[in-house]
Amino acid sequence: MTVRANIPLIFERSTPGRRGYRLPELDVPETPISELIPEEYLRSEAPALPEVSELEVVRHYTQLSRLNHGVDVGFYPLGSCTMKYNPWVHEDLVSLPGLSAIHPYQPEETVQGALELIYNLSEHLAAIAGLSKASLQPAAGAHGELTGLMVIKAYHNFRGEGHRREMIVPDSAHGTNPASCAMVGYKVVEVPSDSRGGVDVEALGKLVGPNTAGLMLTNPNTLGLFDENICQIAKIVHDAGGLLYYDGANANAIMGIVRPGDTGFDVVHFNLHKTFSTPHGGGGPGAGPIVVSEALAPFLPGPVVAKDGDKFRLVMPEHSIGRVRSFFGNFLVYAKAYAYILSHGPQGLREVSEAAVLNANYVMNKLKDIFELPYDRICMHEFVLSGACLKEYGVRTLDLAKRLSDYGFHAPTIYFPLIVEEAIMIEPTETEPKSTLDEFIEVMRQIAEEAKENPEMLTSAPHNAPVKRLDEARAARHPVLRWARQ
Amino acid sequence: MSEKRLYTKEHEWVVVKGSIARIGVSDYAQNELGDIVFVELPSVGDVVEEGEGFAVLESVKAVSDVYAPVSGRVVAVNEALEDSPELINESPLDEGWIAEIEIDDTAQVGDLMSEQEYMEYLKGV
Amino acid sequence: MRYLPLTEDEKREMLASMGLEQIDDLFQDIPPEAVFQGDLDVPGPLSEAELIRHFKALAAKNQDTTKLVSFLGAGVYDHLVPSIVKRIVGRGEFLTAYTPYQPEITQGVLQSIFEYQTMICELTGMEASNASMYDGASALAEACLMACAATKRELVILPATLHPQWQEVVRLYLESQDVSIVYMPLDEQTGTADLNQLSELPWGEAACAVVQQPNFFGLLENVTALESRIHANGGLLVMAVDPISLSLLKPPAEFKADIVVGDGQSLGQAMGFGGPAFGFFATTEKLIRRMPGRVVGETVDAEGKRAFVLTLQTREQHIRREKATSNICSNQALNALAATIYLAVLGKQGFRDVGYQCLQKAHYLKQRLLEIPGLSAAFSAPSFREFAIRGAFDWAEINRRLLDRGFLGGLPLARFGHPDLILFSVTEARTKQEIDAFVSTLRGLIQ
């Protein structure tokens, strides 16, 4: 059964005078507003918020929720997003008032449990990364990248090497990498990929020099391939005086198998909403903590938590860059990641990565005969196919993606990475049963057949979704970004 | 005087009238870009170098630089594109013109491809 | 492990289908020197019951506001949250959805963001809002950078009365791009930016002037004086506002603000030890294409039905890369959804009631505190939900004793250079009984 869209906006359900939630009656003596706030500060008209009853609010948002695909609803093989199961027990845990109803400015003695959680999680992430100290302040992966680059910049400046303002980024990198560089005033220097899909080591050798601040890398990379030359790459960059930044978006492939710190990385960020199962929430909140080497620890944003006997204290790292956001970061998000790590333990985390890699390779092997596989290698937790072979039927990767939703699947990531034509990036994750994988494989093969026999089915897809294909050009040409009273 | 349309390897076209070069993008280019949703026009008075990006075309999921075929000063921009960026898709060689440049060095015009040379060039692309 | 459905048989079958024998074969591309030997140094595994026990023990070491009556604010506030907010955002279809890049099957996310954007515009009076930022502090930092890009200037004017943490964040973001900051000093009498010192500031070089309303001390700034200066000199006016205060206060658009930001923690969010909540970001139509963050727009589908989609994506990192308006990717969508539901269920009248009660209750506490000998009002400017009191006491020690008696006192401002001052916050959640009990307890401790 498909739920049809065309649900009115909440404002369109308004009836003047209707109310929902009510406060208790005011119990203190009233003073006229004009005696408390001068006229020129007061608004003349209340904001036009909806006027609806509580039941209407409940129905409205319940109906809206039913238009969404979610991990709870079905398979969501978005490459690079790690759409694994978000354990429901975590939601209960962060609802405990002892975690959710505490104020960040409370005296330290009254929040020792919260500080202990921060301390423990910092230690665990450092262990997984193979590095020294963590900051849990960054609110998202991109925020972690920004923070990590700021730490690198502060380190070079401190050592009198502030002229190092070039950051090397692979051509396969996620857009946040160069964007983060721009935000810290670094010049982006692109390094090409070689025929195996890894960083072109020879080209890298020519790009490093006295102005190199470092290299940003994700390993496995956005093609889902492990860069076998990582140790050599690390040496080239370090020898030139640069530092290595690890974009942890693909860490789901390597937990307990490779520790980025061991392969030469100096700074790592993790996406807790990817690898560590915290829910995506339709676009956040996530968390992007960073872990750094001993040498970089003094530059971390602060405060961080230190252990003093059996007490936990807030301290500012010695040469801290300062703050990247208010308070301690997305505490109730990373508390879930902490729960995730404890649920799995060292063996469990390793099994997660092993199963993620097994699932991806299994699906890849069953699809590589019908779609082009640009790099025919064992993949890690995700792999990239090319939909270019569909072009001769007048069908593109976009059409394939839309048709998949008719079968109850969310599409994989499409048109990324940029170095593969008509890219389809598939990441099953380890929480999918084999039966789901087999179903997906079957459907992909079926759709590939449809492309030949009946391309119209794809080019006019989706057919079973709450809405048909959207006119995105219109939305961009004449942006309407809010509802307005007529 | 016939209007000779010349082309660059980056798919811009140029029509020269005296010392003024009117510039747009080719039909091939607009087709590759898809629906144009926004045009970032240069300002009148801007000085541009040959080969430098001086305008930006946005489609829904991509952004493309338009490169100056010749060096000079921008003397006019097609303001109709502000409200109707789709003119570039509908009429790339006529109503979808982007800007006019007063040419510094007319010799640069000689480096550009003729229409026939451009058609040949497209075959290899 | 609970979340790993593959059986040993299935694993074997899958490996065999690829001509492999064991899991380790899948990792053969990893050079031996990179392979981690041994086990990760992390605890566990814990079963669900053990996990719950562990978390309850941790939570028990914290004193929370279900047990303490709180008068602590300074950026995070103890407001009432209607019970349906949590229920709705807790639905799996909202919780476990991804960013709506496939709009046809994520209209629930998209429409609710469109509603959120509309509400932010209604509160602030601005023409366009984005889909949220991480928090108010980082939203302000991005607003300053946006002003620099729009005006092509490299200096920003900040008030000394801006929340100290927000000052730190703005400073860090700006110094990373070599943008300098000049401060409007504090007027020690009013508690607001010193208007007598305005002419010394480099208005002609400033990309923007920032005003926080209410400011860190809970006080209302004279925005008009600052607005006329910055606009006369070609810069932008950036206002950082409190969303609850907008139930009563004039919307920033009427002060001619160009960019408006703020922190949304007061709108239906848990305090959560500081996160997650969200930052909001709104601007004028003229500046829309410079705005960072995701934005949802209205369109139609192939059958002409109204629908919603992420739009103006060419500003963003996945397309513009190093030329993007920001590097922001994930935002705080679920928290923005919670705010939307909060504002919907309170509605026009209910939202006004919240602001009104905060104003009245804060005023009531202030009046009662001023009856205590030794205490005086720190500043003269009008306040909304927060105010600073002056008293030559060891406020940290007084707070300790207040804790023993079940109260979370205000924030002592000694660490911000004001040793005699303490900042109190009162929301609609406080009852007269609680306020009276607090006052008499405090009076007892002081005298």
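Residues numbered from 1 in each chain as written. Chains lettered and ligands numbered in written order. Predicted model: local features only at pLDDT ≥ 70, side-chain atom pairs only at ≥ 80, totals over all residues. Heavy atoms only, no water.

1. A look at the sheet that holds strand β12 (residues 386-390) of chain C
Residue and element names in this part refer to chain C.
Link 1 in the chain: Pairing is antiparallel across the open sheet formed by four strands, whose spatial order is β11-β12-β15-β14. For this open sheet the edge positions go to β11 (376-377) and β14 (411-412), each flanked by a neighbour on one side alone.
Link 2 in the chain: The sheet contacts of helix α10 (residues 333-369) involve β11, β12 and β15 (421-425), and relative to β12 the element is tilted by about 10°. (Pairing = 2+ DSSP bridges. Helix = DSSP H or I, 4+ residues; strand = E, 2+ residues; numbered from the N terminus. Contact = heavy atoms within 4.5 Å. Axes fitted to C-alpha atoms, helices over the stretch in contact; angles between N-to-C directions.)

2. Digging into the interface of chain A and chain B
Link 1 in the chain: Taken together, the contact pairs five residues of chain A with nine residues of chain B.
Link 2 in the chain: Buried surface at the junction of chain A and chain B, summed over both partners, amounts to about 530 Å²; 55% is from carbon and sulfur atoms.
Link 3 in the chain: Among the residues of chain A in contact with chain B, E472(A), A473(A) and R477(A) are the three that bury the most area, contributing 76% of the side total.
Link 4 in the chain: Joining chain A to chain B, the criterion identifies one salt bridge.
Link 5 in the chain: Looking at side-chain class alone, the side of chain A that touches chain B contains two nonpolar, one polar and two charged residues. (Buried area = accessible area lost by both parts, 1.4 Å probe. Salt bridge = Lys/Arg side-chain N within 4 Å of Asp/Glu carboxyl O. Nonpolar A, V, L, I, M, F, W, Y, C, P; charged D, E, K, R; others polar.)

3. So, the environment of Y61(A)
Link 1 in the chain: Here Y61(A) lies in helix α2 (residues 54-65).
Link 2 in the chain: The class for Y61(A) is buried, based on a relative accessible area of 0%.
Link 3 in the chain: Sequence separation of Y61(A) and I10(A) is 51 residues, and the distance between their C-alpha atoms is 8.8 Å.
Link 4 in the chain: Not counting residues within four places of it along the chain, the set of residues in contact with Y61(A) comprises I10(A), I88(C), F94(C), S112(C), E115(C), M119(C), L337(C), T340(C), I341(C) and A344(C).
Link 5 in the chain: A distance of 2.7 Å separates the side chain of Y61(A) from the side chain of E115(C), its partner in a polar contact. (Buried < 20%, exposed > 50% of the residue type's maximum accessible area, 1.4 Å probe, protein only. Polar contact = N/O pair within 3.5 Å; in protein donor to acceptor, adjacent residues only side chain to side chain.)

4. Section: the interface of chain A and chain C
Link 1 in the chain: Taken together, the 207 residues of chain A in the interface contact 192 residues of chain C.
Link 2 in the chain: Of the roughly 17400 Å² buried where chain A meets chain C, counting both sides, 65% is carbon and sulfur surface.
Link 3 in the chain: Three residues, Y41(A), Y105(A) and L481(A), lead the burial of chain A against chain C; their summed loss comes to 5% of the area buried on that side.
Link 4 in the chain: With a closest N to O distance of 2.9 Å, R377(A) and D29(C) form a salt bridge.
Link 5 in the chain: Counting every contact that joins chain A to chain C gives 85 residue pairs in polar contact (both at pLDDT 80 or more).
Link 6 in the chain: A total of 28 residues in the side of chain A that touches chain C trace back to one element, the largest contributor, which is helix α10 (residues 331-367) of chain A.

5. Focus on the sheet that holds strand β4 (residues 36-40) of chain B
Residues and elements named next belong to chain B.
Link 1 in the chain: Pairing is antiparallel in the open sheet, where three strands are placed in the order β4-β6-β7. The open sheet has two edge strands with one neighbour each: β4 and β7 (63-67). Each strand axis lies, on average, 25° off the axis of its neighbour in the sheet, ignoring direction.
Link 2 in the chain: Relative to strand β6 (residues 53-59), β4 is paired through four bridges, and the arrangement is antiparallel. Within β6, the position partnered with I36 by the bridge is S59.

6. Concerning the packing of helix α3 (residues 88-95) of chain A against helix α2 (residues 48-60) of chain C
Link 1 in the chain: At their nearest, the axes of α3(A) and α2(C) sit 10 Å apart, and the two run at 20° to each other. The angle between α3(A) and α2(C) falls in the class roughly parallel. Like other packed secondary-structure pairs, α3(A) and α2(C) cross with a definite hand, here right-handed. Contacts from V89(A), H90(A) and L93(A) in α3(A) reach E48(C), L51(C), I52(C) and F55(C) in α2(C).
Link 2 in the chain: Residue classes in the contact of α3(A) with α2(C) are distributed as five nonpolar, one polar and one charged. (Parallel < 35°, antiparallel > 145°, perpendicular 65-115°, else oblique. Left-handed = near helix turned anticlockwise from the far one by under 90°.)

7. Regarding the packing of α10(C) against helix α12 (residues 432-446) of chain C
Residues and elements named next belong to chain C.
Link 1 in the chain: Between α10 and α12, the shortest axis-to-axis distance is 10 Å and the interhelical angle comes to 25°. The angle between α10 and α12 places the two elements in the roughly parallel class. In the packing of α10 onto α12, the handedness of the crossing is right-handed. Two secondary-structure elements touch here, α10 through K361, Y364, L365, R368 and L369 and α12 through K432, I435, D436, F438, V439 and L442.
Link 2 in the chain: Residue classes in the contact of α10 with α12 are distributed as seven nonpolar, no polar and four charged.

8. Things to note about the side chain of R320(C)
Link 1 in the chain: Turning to its location among the elements, R320(C) is positioned in helix α9 (residues 317-320).
Link 2 in the chain: In terms of polar contacts, R320(C) uses its side chain to reach the side chain of E58(B), at 2.8 Å.

9. Digging into the pairing of strand β2 (residues 12-17) of chain B
Residue and element names in this part refer to chain B.
Link 1 in the chain: Where strand β1 (residues 5-7) and β2 come together, three bridges link them in antiparallel fashion. In the sheet register, L6 faces β2, and the bridge partner there is V14.
Link 2 in the chain: Adjacent in sequence and paired antiparallel, β1 and β2 are bridged by four residues, among which H11 carries a positive phi angle near 75°.
Link 3 in the chain: Bridge count between β2 and strand β3 (residues 20-25): six bridges; the pairing is antiparallel. Bridge assignment links V15 to a residue of β3, and that residue is R22.

10. Here's the deal with unusual backbone geometry
Most peptide bonds take the trans form, and the phi angle of most residues other than glycine is negative.
Link 1 in the chain: Of note, the bond from G302(A) into P303(A) is cis; its omega dihedral lies within 30 degrees of zero at 5°.
Link 2 in the chain: Relative to the helices and strands, P303(A) is located in the loop between β7 (290-292) and β8 (304-308).
Link 3 in the chain: In this model, G44(C) is joined to P45(C) through a cis peptide bond whose omega is 10°.
Link 4 in the chain: One non-glycine residue, R321(C), lies in positive phi territory at about 50°.
Link 5 in the chain: In this fold, R321(C) is placed in the loop between α9 and α10.
Link 6 in the chain: Assessed through its relative accessible area of 11%, R321(C) is described here as buried.

11. Brief notes about the pairing of strand β12 (residues 423-426) of chain A
Residue and element names in this part refer to chain A.
Link 1 in the chain: Residue alternation in β12 divides its side chains into two sets, A423 and M425 and I424 and I426, and both sets are buried.
Link 2 in the chain: Pairing between strand β10 (residues 383-386) and β12: four bridges, direction antiparallel. In the sheet register, F383 faces β12, and the bridge partner there is I426.
Link 3 in the chain: With two bridges joining them, strand β11 (residues 413-414) and β12 adopt antiparallel strand pairing. Paired with I414 across the two strands is I424, which belongs to β12.

12. Things to note about helix α7 (residues 164-176) of chain C
Residue and element names in this part refer to chain C.
Link 1 in the chain: Here α7 is 13 residues long and its end C-alpha atoms lie 19 Å apart, about the 18 Å a rise of 1.5 Å per residue gives.
Link 2 in the chain: Counting buried residues along α7, 10 of its 13 residues qualify, which places the element largely inside the surrounding structure.
Link 3 in the chain: Among the residues of α7, those classed as buried are P164, Q165, W166, Q167, V169, V170, L172, Y173, L174 and S176.
Link 4 in the chain: D178 occupies a position one or two residues after α7 and carries a positive phi of about 55°. (Expected span 1.5 Å × (residues − 1).)

13. What to know about the domain arrangement of chain A
Residue and element names in this part refer to chain A.
Link 1 in the chain: Domain annotation of chain A identifies domain 1 (10-65), domain 2 (90-344) and domain 3 (352-473).
Link 2 in the chain: Between domain 2 and domain 3, the C-alpha centre-to-centre distance is 31 Å.
Link 3 in the chain: Counting residues at the interface gives 26 residues for domain 2, matched by 21 residues for domain 3.
Link 4 in the chain: Counting the surface lost from both domain 2 and domain 3, the interface buries some 1800 Å², and carbon and sulfur atoms represent 61% of this.
Link 5 in the chain: When residues of domain 2 are sorted by the area they lose upon contact with domain 3, L223, L225 and N252 head the list and together hold 31% of the total.
Link 6 in the chain: Applying the counting criterion to the domain 2 and domain 3 interface returns zero salt bridges.
Link 7 in the chain: Applying the counting criterion to the domain 2 and domain 3 interface returns eight residue pairs in polar contact (both at pLDDT 80 or more).
Link 8 in the chain: Here the residues of the side of domain 2 that touches domain 3 are counted per class, giving 11 nonpolar, 11 polar and four charged. (Domains from an automatic or database assignment.)

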